[in-house]
Amino acid sequence: MELRYGTNPHQRPARAEPLTHQPIRVLSGEPSYINLLDALAGWRLVREAGAALAKPAAASVKHVSPAGAAIAGAIDEVIAETYGVDASPGALTSAYLRARDADPKSSYGDFIAVSQPVDAELADLLRGVISDGIIAPDFEPGVVGALSAKKGGRFLVVQADPGFSPPASESREVFGLRLTERTDDQPITGQVLTDIRCGALTDQARADLLLGLIVLRYTQSNSVAYLRAGKTVGIGAGQQSRVDCTRLAGAKADSWWLRRHPAVRGLRFRDGIRKQDRLNWRIRYLEGDLTPNEVIGFRAALLEEPAPFTDRADWLERLNDISFVSDGALPFRDNIDHAHRHGARFVAEPGGSIRSDDVERACRELGVTLVRTGLRLFRH
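What you see is a predicted model; the values in this text were computed from it and never measured.

**Some remarks on the nonpolar core**
Judged by nonpolar contacts, the single largest core of 44 residues is most densely connected at Leu45, Ile135, Ile188, Leu193 and Leu209. If you list the elements that add at least two residues to this core, you get helix 1 (33-53), strand 2 (57-62), strand 3 (65-71), strand 4 (110-114), strand 6 (156-160), helix 6 (203-217), strand 10 (223-227) and strand 13 (344-349). Here the element with the most residues in this core is helix 6; it accounts for eight residues. Residues in contact with Leu209, not counting those within four places in the same chain, are Leu193, Leu201, Ser323, Phe324, Val325, Phe346, Val347, Ala348 and Val371. Residues Ala263, Leu316, Leu330 and Ala339 belong to the second largest nonpolar core, which totals 35 residues.

**Overview of the sheet that holds strand 6**
In a beta sheet, neighbouring strands are held together by backbone hydrogen bonds and run either parallel or antiparallel to one another. Spatially, 1-6-5-4-2-3 is the arrangement adopted by the six strands of the open sheet, whose pairing is mixed. Single-partner strands in this sheet number two, and they are strand 1 (24-28) and strand 3. When strand polarity is set aside, the average angle formed by the axes of neighbouring strands in this sheet is 20 degrees. Bridge count for strand 4 against strand 5 (residues 131-136) is four bridges, and the pairing is parallel.

**Describing a nonpolar patch on the surface**
Together, Val174, Phe175, Leu177 and Leu179 line one region of the surface with nonpolar side chains, adding up to about 480 Å² of accessible area. Within the element layout of this structure, Val174 appears in strand 7 (residues 169-174).

**Looking at the environment of Thr232**
Position of Thr232 relative to the elements: it lies in strand 11 (residues 232-237). The exposure class assigned to Thr232 is buried, which follows from its relative accessible area of 0%. With 20 residues separating them along the chain, Thr232 and Gly212 place their C-alpha atoms 7.4 Å apart. Apart from residues no more than four positions distant in its own chain, Thr232 is found in contact with Gly68, Ala69, Ala102, Val215, Tyr226 and Leu227.

**Concerning unusual backbone geometry**
Geometrically, the link from Arg12 to Pro13 is a cis peptide bond, its omega value of 0 degrees lying close to zero. Tracing the backbone shows Pro13 in the segment before strand 1. Between Ser221 and Asn222 the backbone carries a cis peptide bond, its omega angle lying at -15 degrees. Structurally, the position occupied by Asn222 is in the loop between helix 6 and strand 10. Even without being glycine, Phe175 reaches a positive phi, approximately 50 degrees. Given the relative accessible area of 86%, Phe175 is considered exposed. Phi is positive for Ala229, which is not a glycine, with a value near 55 degrees.

**Thoughts on the environment of Asn320**
Here Asn320 is to be found in the loop between helix 11 (312-317) and strand 12 (322-326). For Asn320, a relative accessible area of 27% puts it in the partly exposed group. Those residues in contact with Asn320 that sit more than four places away from it in its chain are Arg228, Gly343 and Arg345.

**Some points on the sheet that holds strand 14 (residues 369-372)**
On the basis of which strands lie adjacent, the open sheet formed by six strands has the order 9-14-13-12-10-11 and mixed pairing. Two strands bound the open sheet, and with one partner strand each, they are strand 9 (196-198) and strand 11. Taken over all neighbouring pairs, the strand axes of this sheet differ in orientation by 20 degrees on average, direction set aside. As paired elements, strand 12 and strand 13 share four bridges and run parallel to each other. In the sheet register, Phe324 faces strand 13, and the bridge partner there is Val347. Strand contacts of helix 6: strand 10, strand 11, strand 12, strand 13 and strand 14, with the helix running at about 35 degrees to strand 12, the strand carrying the most contacts.

Reading the values: the criteria
- Residues numbered from 1 in each chain as written.
- Predicted model: local features only at pLDDT ≥ 70, side-chain atom pairs only at ≥ 80, totals over all residues.
- Heavy atoms only, no water.
- Core = buried A, V, L, I, M, F, W, Y, C linked by side-chain atoms within 4.5 Å.
- Buried < 20%, exposed > 50% of the residue type's maximum accessible area, 1.4 Å probe, protein only.
- Helix = DSSP H or I, 4+ residues; strand = E, 2+ residues; numbered from the N terminus.
- Contact = heavy atoms within 4.5 Å.
- Pairing = 2+ DSSP bridges.
- Axes fitted to C-alpha atoms, helices over the stretch in contact; angles between N-to-C directions.
- Patch = residues over 30% accessible without salt bridge, like charges linked within 9 Å, V, L, I, M, F, W, Y side chains within 5 Å.
- Areas by Shrake-Rupley, 256 points an atom, 1.4 Å probe, with all protein chains shown as cover.
- Salt bridge = Lys/Arg side-chain N within 4 Å of Asp/Glu carboxyl O.

Structure (structure tokens):
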């Protein structure tokens, strides 16, 4: 398959060649190298999550890491208002809405992955979403034609072979070296959540931790994820320091929760302000560090001055029942301290650090359930 270009536009030519039979088919559009990396990462994630949790799964992927991932479930008023949808969409549509809602600023221009055939309802929703493409196992009649009209025909529609099994090993060539390793096919099931060091797991926390582990398998390391009710609410990826990753993802979880605050929901915008711009302004408002130029733009977008945002700390105190997952061993207790500040009450991590006893002690002090998985999930 000839690609538009490699990682950057100046890296031409670029190709994708199947090692056995073709695992995907491009039904519309011309993918780039990064498009395919995003599509393949997203497809593997949702295929595994959908099978493990027995529900439709969706992911919003940007730069080879998920910005959000979720299984089908209820959507709240904020999601319904943001995307102008009915409060009870179909299962597949709900999964994608919940995935994109985790970090909608980062999901702008995402690559979508869903575990089940795309139906007309989801295709209709995607007409109003800024996205680069979608990968799915199939598409209902008429859907490919509707989607291929997006972006002047540049929207990518990719069909994955749900029965394809990857080779036993993976290779990449870098600077004249071919690096080969066994494919990461270690099963992630409930069995990895049996070593509970302190506390107890609820059924929901068990499902969230399982989803989080699958998400991190396809997220660039170092990575952590905060989850709640079958969806991610904050993912931190690619940080050299794990605690920086924990803090970054925690800030995203806070942002997700603060978008539910009445002061943020009550912002009134002028006619003509685009949906994505309204969403971005809400996020910048709750982040609270508008630049002087942004203040001018924000005021111009509003019909009236925003209500005072006086109870931010009290609102954040109400964020609870968060599950926190790490792709590698937590090296210091500071990760637990920070995660707890963002509502984490259930933690899963591999263990094996020289300070793992300190991590466990922190969990006991803070009333956090700790599960040791013994499974590192680095991805580079």
